[in-house]
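Spelled out, the chains give:
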Amino acid sequence: VNNMSTSSHLVEMASRNRMLVKSIAYQSEFIHRNPNASKQKLRWAIRLFDELIQVLKDGGVAPEVNGSPKVSGVYNQFKQEIDQVQTVWTPYRTQAQKILNAQSANFFESLEYIENNTERLVIASEALVEAVVAWDQQRTSRANVIFTILLLVNFVSLFILLWVIRKYIVTPVREVLP
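So, how was this worked out
- Residues numbered from 1 in each chain as written.
- Predicted model: local features only at pLDDT ≥ 70, side-chain atom pairs only at ≥ 80, totals over all residues.
- Heavy atoms only, no water.
- Helix = DSSP H or I, 4+ residues; strand = E, 2+ residues; numbered from the N terminus.
- Rg over C-alpha atoms; globule rule 2.2 N^0.38 Å.
- Buried < 20%, exposed > 50% of the residue type's maximum accessible area, 1.4 Å probe, protein only.
- Salt bridge = Lys/Arg side-chain N within 4 Å of Asp/Glu carboxyl O.
- Expected span 1.5 Å × (residues − 1).
- Bend = angle between axes of the 7 residues up to and from the residue.
- Axes fitted to C-alpha atoms, helices over the stretch in contact; angles between N-to-C directions.
- Parallel < 35°, antiparallel > 145°, perpendicular 65-115°, else oblique.
- Left-handed = near helix turned anticlockwise from the far one by under 90°.
- Nonpolar A, V, L, I, M, F, W, Y, C, P; charged D, E, K, R; others polar.
- Core = buried A, V, L, I, M, F, W, Y, C linked by side-chain atoms within 4.5 Å.
- Contact = heavy atoms within 4.5 Å.

Student: What am I meant to see in the overall build of the protein here?
Tutor: Helix and strand counts for the protein stand at four helices and two strands. Going from the N terminus to the C terminus, the protein shows its helices and strands as α-α-β-β-α-α. The C-alpha atoms of the protein give 27 Å as radius of gyration, which overshoots the globular expectation for 178 residues (16 Å, by more than 25%). Sorting the 178 residues of the protein into buried and exposed places 36% on the buried side.

This is the structure:
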């Protein structure tokens, strides 16, 4: 059960990255249109994206997940997908931080980069989500097969036990008692 719970946390964390990418794009555009707006949501989204990728990669306490569960890193299982997300995320984060730090000389360039690469980052994040979901389904399927085998072994054991009781206890007792 604990492994299934961990799997659901991994799916939740990977799925959350898609939402964060869209939030970063929206907040960047919002700051562009409202220069005096608070940058707290953009700062939070960048930080959380970084933390989620790090926990998915190396393990640790899942940030901003109910109960703050500790999860194992899954980099070995999803190396290609995590590397792809990080490849797209690194320059994307740099441009988002330029907007966050109000580097007005490059503001439009940064905003354009974010607008042009949001879909790429969403697609990379979606590939990670799909891989985690497929992995989770495979683990669940294997757990179900193991459970079914153990259930069958228990039934066979029960029938063998009943046969032994009948042969070595009930039948001899019936023969002795009239």
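Student: Can you walk me through the pattern of salt bridges in this structure?
Tutor: Opposite charge on two side chains lets them pair, provided their charged atoms get close. As enumerated under the stated definition, the model contains seven salt bridges in all. For Arg33, the salt bridge identified is with Glu29, shortest N-O distance 2.9 Å. Here Arg33 pairs with Glu29, and both are found in helix 1 (residues 2–33), just four residues apart, close to one helical turn. In this structure, Arg93 and Asp50 form a salt bridge, with 2.7 Å as the shortest nitrogen-oxygen distance. Residue Arg93 is located in helix 3 (residues 79–100), and its partner Asp50 is located in helix 2 (residues 40–58); the two are separated by 43 residues in the primary sequence.

Student: What am I meant to see in helix 4 (residues 107–176) here?
Tutor: Because an α-helix completes one turn every 3.6 residues, residues spaced three or four positions apart along the sequence face the same direction. With 70 residues, helix 4 extends 99 Å between its outermost C-alpha atoms, agreeing within 8% with the 104 Å of an ideal straight helix rising 1.5 Å per residue. Taking the largest bend as the criterion, helix 4 deviates by roughly 45°, centred on Asn117.

Student: What am I meant to see in the packing of helix 3 against helix 4 here?
Tutor: Think of two packed helices as two axes; the pair is described by the angle between the axes and how far apart they sit. Helix 4 packs onto helix 3 with a crossing angle of 155° between their chain directions and a minimal axis gap of 8 Å. Considering their axes alone, helix 3 and helix 4 lie roughly antiparallel with respect to each other. Considering how the two elements wind past one another, helix 3 and helix 4 form a crossing that is left-handed. Split into classes, the residues belonging to the contact of helix 3 with helix 4 amount to 17 nonpolar, six polar and four charged.

Student: How should I be thinking about the nonpolar core in this particular structure?
Tutor: Looking at soluble globular proteins, one finds that nonpolar side chains tend to be buried together. Counting 43 residues, the largest nonpolar core has Met13 and Leu128 as the members making the most contacts within it. Here this core takes 11 residues from helix 4, the largest share from any one element. Apart from residues lying up to four places away in sequence, Met13 is in contact with Leu52, Val55, Leu56, Ala62, Val65 and Val71.

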